[in-house]
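Spelled out from the first residue to the last, the chains are:
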Amino acid sequence: MTTEATPQKTQTPAQQGAQSHLITNKAAQRERIAAKRKKVLDWLAVEGFSTVAMLAKVLEVQHNAAYKTCKAMEAEGLVAPDAVQWLGHTVNLVTLTAHGAMMHAEPGQDFDYHQRGKVAASTVAHAMDIQTARLAAIRAGWTDWQSDHRNQIKASKDDRWLKVPDALAKTPEGELVAIEIERTSKTTKRYQDIIGAYLQLINKGMFSRVVYVSPTPGLAARLQALFTRLDSFTAVNKQGQLERFPLTDSRRSYFSFQDLEGWPK
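Here's what I pulled together on the structure shown here. (Residues numbered from 1 in each chain as written. Predicted model: local features only at pLDDT ≥ 70, side-chain atom pairs only at ≥ 80, totals over all residues. Heavy atoms only, no water.)

## Considering helix α5 (residues 121-139)
Here is step 1: Taking 1.5 Å per residue as the helical rise, α5 with its 19 residues ought to reach 27 Å, and the 28 Å between its terminal C-alpha atoms agrees with that figure.
Here is step 2: Three or more residues of α5 are buried, namely Val-124, Ala-125, Ala-127, Met-128, Asp-129, Ile-130, Gln-131, Ala-133, Arg-134, Leu-135 and Ala-137.
Here is step 3: One or two steps after α5, the chain reaches Gly-141, where phi turns positive at roughly 100 degrees. (Helix = DSSP H or I, 4+ residues; strand = E, 2+ residues; numbered from the N terminus. Expected span 1.5 Å × (residues − 1). Buried < 20%, exposed > 50% of the residue type's maximum accessible area, 1.4 Å probe, protein only.)

## Some details on the layout of surface pockets
Here is step 1: By volume, the second largest pocket amounts to about 250 Å³.
Here is step 2: Taken together, Leu-199, Gln-200, Ile-202, Asn-203, Phe-233, Ala-235, Val-236, Asn-237, Phe-245, Arg-251 and Tyr-254 form the lining of the second largest pocket.
Here is step 3: Mapped onto the lining of the second largest pocket, the elements with two or more residues apiece are α7 (188-203) and β8 (232-236).
Here is step 4: Counting residues per element, the lining of the second largest pocket draws most heavily on α7, which supplies four residues.
Here is step 5: Taken together, the residues of the lining of the second largest pocket break down into seven nonpolar, three polar and one charged. (1 Å grid on protein atoms, 1.4 Å probe; cavity = no way out; pocket = protein on both sides within 12 Å on 5 of 7 lines; lining within 4 Å. Points joined across faces, edges and corners; volume = space filled by probe spheres on them. Nonpolar A, V, L, I, M, F, W, Y, C, P; charged D, E, K, R; others polar.)

## Things to note about the nonpolar core
Here is step 1: Grouped together as the largest cluster of nonpolar side chains are 25 residues, with contacts concentrated most on Ile-195, Tyr-198, Phe-207, Val-210, Tyr-212 and Phe-255.
Here is step 2: Those elements that provide at least two residues to this core are α7, β7 (209-214), α8 (219-229), β8 and β10 (255-259).
Here is step 3: Per-element tally for this core: the top contributor is α7, with seven residues.
Here is step 4: Membership of the second largest hydrophobic core comes to 20 residues, among which are Val-40, Trp-43, Leu-59 and Leu-78. (Core = buried A, V, L, I, M, F, W, Y, C linked by side-chain atoms within 4.5 Å.)

## Focus on the sheet that holds strand β3 (residues 89-96)
Pairing between the strands of a sheet comes from backbone hydrogen bonds, and it takes one of two forms, parallel or antiparallel.
Here is step 1: With antiparallel pairing, the three strands of this open sheet are ordered in space as β1-β3-β2. One side of each edge strand has no neighbouring strand; the edge strands of this open sheet are β1 (49-50) and β2 (79-86).
Here is step 2: Bridge count between β2 and β3: eight bridges; the pairing is antiparallel. Across the sheet, the residue bridging to Ala-80 is Thr-95, located in β3. (Pairing = 2+ DSSP bridges.)

## Thoughts on the side chain of Thr-51
Here is step 1: Within the fold, Thr-51 resides in the loop between β1 and α2 (52-59).
Here is step 2: Among the polar contacts made by the side chain of Thr-51, one reaches the main-chain amide nitrogen of Met-54 at a distance of 3.1 Å.
Here is step 3: Those residues within four positions of Thr-51 in sequence are excluded, and the remaining contacts are Val-91, Asn-92, Leu-93, Val-94 and Met-128. (Polar contact = N/O pair within 3.5 Å; in protein donor to acceptor, adjacent residues only side chain to side chain. Contact = heavy atoms within 4.5 Å.)

## Looking at the packing of α2 against helix α3 (residues 63-75)
Here is step 1: Viewed as axis vectors pointing N to C, α2 and α3 meet at an angle of 105 degrees, and their least axial separation amounts to 8 Å. It follows that α2 is roughly perpendicular to α3 by the angle criterion. Across the interface between the two elements, Val-52, Ala-53, Leu-55, Ala-56 and Leu-59 from α2 touch His-63, Ala-66, Tyr-67 and Cys-70 from α3.
Here is step 2: Taken together, the residues that form the contact of α2 with α3 break down as eight nonpolar, one polar and no charged. (Axes fitted to C-alpha atoms, helices over the stretch in contact; angles between N-to-C directions. Parallel < 35°, antiparallel > 145°, perpendicular 65-115°, else oblique.)

## Points about the sheet that holds strand β4 (residues 143-147)
Here is step 1: Spatially, five strands are ordered β4-β5-β6-β7-β10 in an open sheet, and the strand pairing comes out mixed. At either end of the open sheet lies a strand with only one pairing partner, and these are β4 and β10. Going from strand to strand, the sheet's axes swing by 25 degrees on average, the running direction of each strand aside.
Here is step 2: Contacts from α7 reach β6 (176-181), β7 and β10 within the one sheet, and its direction differs from that of β7 by about 140 degrees.
Here is step 3: Its contacts with the sheet put α8 on β7 and β10, and the angle it makes with β10 is roughly 160 degrees.

Given below as structure tokens:
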């Protein structure tokens, strides 16, 4: 007894082309998703936490698209939600988990993550100012941005850091610069101490200069005027004692001042 073979269905060229196009589209979609997630992890590995609104700017997508990316990453344990109360309203945060930090780091590399509930409400606005400055600097060609989150860790292991800047970054020309985000002003005495600490760090070759960037309209110009009026700063001398030194124009030239709007010039 013989049986007839079941005829195989063959696809038309149009059907084959449609299937190939579908596979290509799915591969491209997976690549886009992976690229977005890497950008989010790259950002959070430096900052520790952010907001969906900020991450939307980082990804250059609409808020809803950034929200969906964060929720998908949350489902995989790469990020976690957090929230703080600030000025009478809730600020929702996206934080880097231990799993997300480990998956972002190279095998065997040290990694740091954010612990939920550890963000102080008073620091949120300052952190967002730093991230706004970082995003603008990156778009202007600056590289190797290290925010306060990382610098504090570095300083804890190196006692040369007399003052920890809000950020360190390299200009497009490769110059390493310390960045201070100044939302409110300090006392004159405090600035004299800061100037002394920064001049010593510059003298040690830790970076080449300091830029004060202010999100408060008019503050950068006022800070510049204050630094111009100061005629001295305080620093520890060779005997280990606090001493007052003259603030000359050459020393003053290591400091510059800019508004956050329009930064970096």
